[in-house]
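A look at the structure
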Amino acid sequence: MASQDWFEKDFYAVLGVSKDVSDADLKKTYRKLARQYHPDSNAGDAAAEARFKEISEAYSVLSDSALREEYDQIRAMGSGARFSSGGAGNQGFEDIFRGFGRGGRASATDFDDIVGNLFGGGRFGQTSGGYGGFGGPTKGGDITANTTLDFLTAIRGDTVSLRMADGREVKVKVPAGVSDGQKIRLKGKGQPSPDGGEAGDLVITVAVRPHPVFERSGLNLRVDVPVTYPEAALGATIEVPTLEGEPVRLKIAAGTPSGRVLRVKGKGVTTSKGTGDLLAEVVIAVPDNLSTAALDALEAYAKLSPENPRDDLLTRARTGR
């Protein structure tokens with residue numbers, strides 16, 4: 001979808017939430033909408049796919065506190081700049097370039113230079129050597145940008161093209177496993193020096209759209225897996241989705257409680273630091289529409305199991321032990 005000014009987009013209205021919505025309620029609302037409009041559940045429905053992209057974009061901005069604050073300020077001022085990136089396979093890849101045409105800002109934080117080496121954030125006006133350390137060439141100011149990636153693109157990595165405000169096109173290699181909030185520094189792609197020194201850097205902060213099924217936890221991926229009560233009580237072998245698309249089979253031991261986490265080795269996120277695991281959390285699914293026969297069977301089971309699972313809880317509450 002073509003990028004538009006944030007001023008023209010009401011992300012709160014897209015998600016149907018108020019401007020003061022809490023992070024928890026925002027996430028809950030997004031997950032509900034993402035499940036409803038996800039392409040996997042609406043095959044061939046172009047309108048649902050467009051709606052899914054719209055709510056994903058809205059959530060990617062509002063779920064990031066820094067982006068949300070900037071968005072609110074832009075909407076309040078009625079201005080702001082937003083640019084679209086080129087490159088195949090990156091539809092919806094959007095960037096907000098801040099500080100272009102202004103002097104560089106001070107930076108006390110070192111960022112990972114994913115494209116090259118590690119670079120410290122230089123101060124505009126700081127000498128870079130020569131003339132006894134005084135009055136020498138100064139480094140140009142940095143340009144900062146925010147970029148939004150789909151969950152899968154962030155996990156697998158890609159090379160994308162960004163269109164700068166001055167018309168330049170910059171290619172950025174996004175490494176596999178880049179995480180939400182991570183910064184990519186491109187040396188020499190910022191503002192030119194005012195007196196012949198080295199150019200500043202382009203510092204890109206990556207925002208990753210959430211996935212409707214998987215959540216990232218470091219190098220691990222987490223997924224909630226619903227199982228029936230008979231499967232949990234008697235044991236079963238179930239299929240669990242993976243990010244690659246092919247499900248894996250997991251054995252549920254008899255008597256498995258809700259909340260137990262099963263680990264699938266090597267099915268997490270792969271980066272230069274290693275590969276994580278897939279953590280599948282068992283969630284007992286309670287049916288909401290039982291047949292008459294099923295209800296009769298369930299009532300018969302209840303009569304055969306008279307014990308109260310809350311007896312111990314009530315006893316400890318009374319005695320304090």
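Use the structure listed above.
Here is a short report on the structure shown in this document.

**What about the overall build of the protein?**
Looking only at helices and strands, the protein features eight helices and 15 strands. Long-range contacts, defined here as pairs at least 24 residues apart, represent 58% of the contacts in the protein between residues at least 6 apart. Carbon and sulfur atoms make up 52% of the accessible area of the protein, which amounts to about 18,200 Å² in all.

**Some words on the pairing of strand 7 (residues 202-208)**
In the case of a regular strand, side chains alternate between the two sheet surfaces. Of all seven residues in strand 7, seven are buried, a share of seventy percent or more. Residue alternation in strand 7 divides its side chains into two sets, Leu202, Ile204, Val206 and Val208 and Val203, Thr205 and Ala207, and both sets are buried. One ladder, built from four bridges, connects strand 6 (residues 183-186) with strand 7; its direction is antiparallel. Looking across to strand 7, one finds that lysine 183 is bridged to threonine 205.

**Notes on a nonpolar patch on the surface**
Where nonpolar side chains cluster on the molecular surface, the patch consists of Tyr229, Leu290, Leu295, Leu298 and Tyr301 and spans about 450 Å² of accessible area. The element that contributes the greatest number of residues to the nonpolar patch is helix 7 (residues 292-304), accounting for three residues. Mapped onto the elements of the fold, leucine 298 is located in helix 7.

**Some words on the side chain of aspartate 277**
Summarising the element assignment, aspartate 277 is placed in the loop between strand 14 (274-275) and strand 15 (278-284). A relative accessible area of 8% means that aspartate 277 is categorised as buried. Only 3.0 Å separates the side chain of aspartate 277 from the backbone nitrogen of glycine 266, close enough to count as a polar contact. Discounting residues that sit within four places of it in the chain, aspartate 277 has contacts with Leu219, Asn220, Leu221, Arg263, Val264, Lys265, Gly266, Lys267 and Gly268.

**Some points on the pairing of strand 5 (residues 169-174)**
Where burial is concerned, the two faces of strand 5 differ: the one with Val170, Val172 and Val174 is buried and the one with Glu169, Lys171 and Lys173 is not. Looking at chain direction, strand 4 (residues 158-163) and strand 5 are connected through six bridges and run antiparallel. By the bridge assignment for strand 5, leucine 162 is matched with valine 170. Counting the residues between successive antiparallel strands, the hairpin from strand 4 to strand 5 contains five residues, one of them, glycine 167, with a positive phi of roughly 95 degrees.

**Considering the pattern of salt bridges**
Enumeration according to the criterion identifies 14 salt bridges in this entry. Glutamate 281 is the partner of arginine 222 in a salt bridge, and the nearest nitrogen-oxygen pair spans 3.7 Å. Placement of arginine 222 in strand 9 (residues 220-227) and of glutamate 281 in strand 15 is noted, with a sequence separation of 59 residues between them. For glutamate 281, a relative accessible area of 26% puts it in the partly exposed group. A single salt-bridge network, built from bridges that share partners, covers Lys139, Asp142, Arg185 and Asp201.

**Comments concerning the environment of threonine 228**
Structurally, threonine 228 can be placed in the loop between strand 9 and helix 6 (229-234). Take threonine 228: its relative accessible area is 35%, and that puts it in the partly exposed class. As a C-alpha pair, threonine 228 and valine 282 span 54 residues in sequence and 9.8 Å in three-dimensional space.

About the criteria used
- Residues numbered from 1 in each chain as written.
- Predicted model: local features only at pLDDT ≥ 70, side-chain atom pairs only at ≥ 80, totals over all residues.
- Heavy atoms only, no water.
- Helix = DSSP H or I, 4+ residues; strand = E, 2+ residues; numbered from the N terminus.
- Contact = heavy atoms within 4.5 Å.
- Areas by Shrake-Rupley, 256 points an atom, 1.4 Å probe, with all protein chains shown as cover.
- Buried < 20%, exposed > 50% of the residue type's maximum accessible area, 1.4 Å probe, protein only.
- Pairing = 2+ DSSP bridges.
- Patch = residues over 30% accessible without salt bridge, like charges linked within 9 Å, V, L, I, M, F, W, Y side chains within 5 Å.
- Salt bridge = Lys/Arg side-chain N within 4 Å of Asp/Glu carboxyl O.
- Polar contact = N/O pair within 3.5 Å; in protein donor to acceptor, adjacent residues only side chain to side chain.

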